[in-house]
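Secondary and tertiary structure notes
This is what each chain is made of:
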Amino acid sequence: MDPLGHPATAWVTPTVLGHLRTARPPQRRRLRRNHPAVTEDEVRSALECLRTYALIAQDTAMAPIRMHALTARAVRETIPSGMLPAMARTAANAISRLWPRRDHEERELAAALRANTVHLDELTRPALWQPEAHPCIYRVSSSLTDAGLYKQAVEYDERTARHSNDILGPDHPDTLSALSNLAVSYSDAGRVQDALELRERVLADRERVLGDDHPDTLSARHNLANSYSAVGRVQDALDLGERVLADRERVLGDDHPDTLSARHNLAVSYSDAGQGQMPLPEPAARERRWTALCGGPRTTTTVGKRVGPHGPVPGHRRSRRLRQGRG
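Since the structure is predicted, the reported quantities are computational estimates derived from the model, not experimental observations.

Brief notes about the pattern of salt bridges
Enumeration over the complete set of coordinates arrives at 18 salt bridges. With a shortest N-O distance of 2.5 Å, lysine 151 and glutamate 155 are connected by a salt bridge. Residue lysine 151 and its partner glutamate 155 are both found in helix H8 (residues 150-168); the two are separated by four residues, about one turn of the helix. Given the relative accessible area of 32%, glutamate 155 is considered partly exposed. A cluster of three or more residues bridged by salt bridges with shared partners is formed by Glu207, Asp213, Arg221, Arg243, Asp247 and Arg250.

Let's talk about a nonpolar patch on the surface
A contiguous nonpolar surface patch, about 300 Å² in accessible area, is contributed by Leu50, Tyr53 and Leu55. Residue placement: leucine 50 occurs in helix H3 (residues 40-52). Of the residues examined, leucine 50 reaches a relative accessible area of 32% and is grouped as partly exposed.

Some words on the packing of helix H6 (residues 107-124) against helix H7 (residues 135-146)
The contact between H6 and H7 brings their axes to 10 Å, and the two run at 140°. The angle between H6 and H7 falls in the class oblique. Considering only the axes of H6 and H7, their crossing is left-handed. Between H6 and H7, the contacting residues are Ala110, Arg114, Thr117, Val118 and Asp121 on the first element and Cys136, Ile137, Val140, Ser143 and Leu144 on the second. Of the residues assigned to the contact of H6 with H7, the class counts are six nonpolar, two polar and two charged.

Here's the deal with helix H5 (residues 84-98)
End to end, H5 covers 21 Å across 15 residues, agreeing with the expected 21 Å (1.5 Å per residue, within 8%). Every buried residue of H5 is listed here: Ala88, Thr90, Ala91, Ala92, Ala94, Ile95 and Leu98. Check the buried side of H5 and you find it contacts helix H1 (14-22), H6 and H7.

What counts as what
Residues numbered from 1 in each chain as written. Predicted model: local features only at pLDDT ≥ 70, side-chain atom pairs only at ≥ 80, totals over all residues. Heavy atoms only, no water. Salt bridge = Lys/Arg side-chain N within 4 Å of Asp/Glu carboxyl O. Helix = DSSP H or I, 4+ residues; strand = E, 2+ residues; numbered from the N terminus. Buried < 20%, exposed > 50% of the residue type's maximum accessible area, 1.4 Å probe, protein only. Patch = residues over 30% accessible without salt bridge, like charges linked within 9 Å, V, L, I, M, F, W, Y side chains within 5 Å. Areas by Shrake-Rupley, 256 points an atom, 1.4 Å probe, with all protein chains shown as cover. Axes fitted to C-alpha atoms, helices over the stretch in contact; angles between N-to-C directions. Parallel < 35°, antiparallel > 145°, perpendicular 65-115°, else oblique. Left-handed = near helix turned anticlockwise from the far one by under 90°. Contact = heavy atoms within 4.5 Å. Nonpolar A, V, L, I, M, F, W, Y, C, P; charged D, E, K, R; others polar. Expected span 1.5 Å × (residues − 1).

Quick look at the structure:
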């Protein structure tokens, strides 16, 4: 974790408590098998002991835990190499567990989790990338954008795409997701032409690697249609939007949330092209169906962002068009 501070609550997450129970020294294998689970009181007692000997610093019992950089380095150098990957992913799981549903509600916590994710990855790479990229790697990008740090999000996603390419290979689904995330960050930063060119590449690669009907390929096609609209290629956006809707109706069904977002965006494309009405269900019925499927009324936000290949995470991106976002 980052010596400048990590949340004290990370130590009492279920994933860390489970790791502490099973990662006992070899000479205590009997206890590792039979000892009861580590409790939160035991963890707090251990942290108090570390504070007493000035090995960690904390302003209050619930404040972030800080450690001198030299102490942190000494601790890292005592970790057996064979244990490092499991410890790194345990720490990453704790970070993911603590990440707020909406970053703007807990900005300081979100900033600390971003810093700790970056620090953890830098010190343990490729542990968080094997066998596949950990979700917190991708969460940093959307968190930076949610904080309005568009330039930093682009720089982070460029590094992430390089790391994924080097570690997993250019055709790995996680690498394609990293490139898709980079395209989102380009778009958010106003680099719409760069976003379009990268989305064309992502779509071609996903069609080749995953097939035309894979959900990630459908999302790539959906996002490319949005990029066509962003650069003023209205007819291209309309043509591709019609294909996206037809594909999603065929593959996912008429009532899937992604199909509803494709239908919404195609309606926008018809409006942009001045082509009047498209054959859509009656508006009130459409809204009732959206509410039933998505748990709330439709707004001008995204359906939800994907974090790599690991499914949706909370968060919204304001736009007239509904888009798949990251992943």
